[in-house]
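Listed below are the residues making up each chain.
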Amino acid sequence: MEPFFWAALGFLVVAAVGGGILVGLRGWRLWQAFASLTAGVGGGLDSLLTGAERLAAHAERSAEHAQELTAAVERLRTAERRSAILLGAAGEVRDTARAVLAFRPQK
């Protein structure tokens with residue numbers, strides 16, 4: 001019975017040490033994966049923040065351009081109103097000239 005006890009005890013010690021080593025290796029791999037993941041997320045977060053800053057700067061420039069465009073559209077509308085007035089005045093002059101020329105004797 002004694003050899004069976006020592007064999008079982010030996011098997012138990014080998015299994016405990018082997019299991020501990022296996023758990024240690026798996027824990028080490030898990031830690032490496034976690035460290036790699038946090039480094040990757042940190043780099044991704046940096047690039048995301050950089051992109052967000054570029055997007056904010058682009059939005060500011062777009063807002064400035066929108067204000068310039070609004071001012072240009074207002075100037076265009078003012079010029080359109082002035083040209084309509086000038087075209088109306090030119091039409092009146094043309095009509096007056098035709099009325100005066102209607103009284104000119106024909107040869």
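Residues numbered from 1 in each chain as written. Predicted model: local features only at pLDDT ≥ 70, side-chain atom pairs only at ≥ 80, totals over all residues. Heavy atoms only, no water.

Student: Could you give an account of the overall build of the protein chain, naming the residues involved and the relevant values?
Tutor: Scanning the protein chain from terminus to terminus reveals one helix and zero strands. Here the C-alpha atoms of the protein chain give a radius of gyration of 45 Å, more than 25% beyond the 13 Å that 2.2 N^0.38 yields for 107 residues. For the protein chain, the spread of C-alpha atoms along the three principal axes comes to 150 × 25 × 15 Å. Relative to its full complement of 107 residues, the protein chain shows a buried share of 1%. Split by element, the accessible area of the protein chain, about 9800 Å² in all, is 70% carbon and sulfur. Of note, the protein chain has its 12 positive side-chain charges centred 16 Å away from the centre of its 10 negative side-chain charges. (Helix = DSSP H or I, 4+ residues; strand = E, 2+ residues; numbered from the N terminus. Rg over C-alpha atoms; globule rule 2.2 N^0.38 Å. Buried < 20%, exposed > 50% of the residue type's maximum accessible area, 1.4 Å probe, protein only. Areas by Shrake-Rupley, 256 points an atom, 1.4 Å probe, with all protein chains shown as cover. Lys, Arg positive; Asp, Glu negative; His and termini not counted. Charge placed at Lys NZ, Arg CZ, Asp CG, Glu CD.)

Student: Any chance you could break down the packing of aromatic side chains for me, citing the residues and the numbers?
Tutor: Following the criterion strictly, the structure yields two aromatic pairs and no others. Where Phe 5 meets Trp 6, the ring centres are 5.3 Å apart and the plane angle is 70°; that geometry is what we call edge-to-face. Among the residues examined, Trp 6 registers a relative accessible area of 52% and is labelled exposed. Note on Trp 31 and Phe 34: the rings are 5.8 Å apart at their centroids and 40° apart in plane angle, and the pair reads as tilted. Taken together, the residues span about one helical turn, with Trp 31 and Phe 34 both in helix H1 (residues 2-102) at a distance of three residues. Given the relative accessible area of 52%, Trp 31 is considered exposed. Residue classification places Phe 34 among the partly exposed residues on the basis of a relative accessible area of 46%. (Phe/Tyr/Trp six-rings, centres within 6.5 Å; stacked < 30°, edge-to-face > 60°.)

Student: I'd like a description of a nonpolar patch on the surface, backed by residues and values.
Tutor: Residues Phe 5, Trp 6, Leu 9, Leu 12, Val 13, Val 17, Ile 21 and Leu 25 make up a contiguous nonpolar surface patch of roughly 790 Å² in combined accessible area. Topologically, Val 13 is positioned in helix H1. Residue Val 13 is classed as partly exposed on the basis of its relative accessible area, which comes to 46%. (Patch = residues over 30% accessible without salt bridge, like charges linked within 9 Å, V, L, I, M, F, W, Y side chains within 5 Å. Salt bridge = Lys/Arg side-chain N within 4 Å of Asp/Glu carboxyl O.)

Student: Hey, could you go over the pattern of salt bridges for me, with residue numbers and the actual values?
Tutor: Under the definition given, this model contains one salt bridge. A salt bridge links Arg 81 to Glu 74; the shortest N-O distance between them is 3.9 Å. Residue class for Arg 81 comes out partly exposed when judged on its relative accessible area of 47%.

From the geometry alone we can't say anything about function, so treat these as descriptive.
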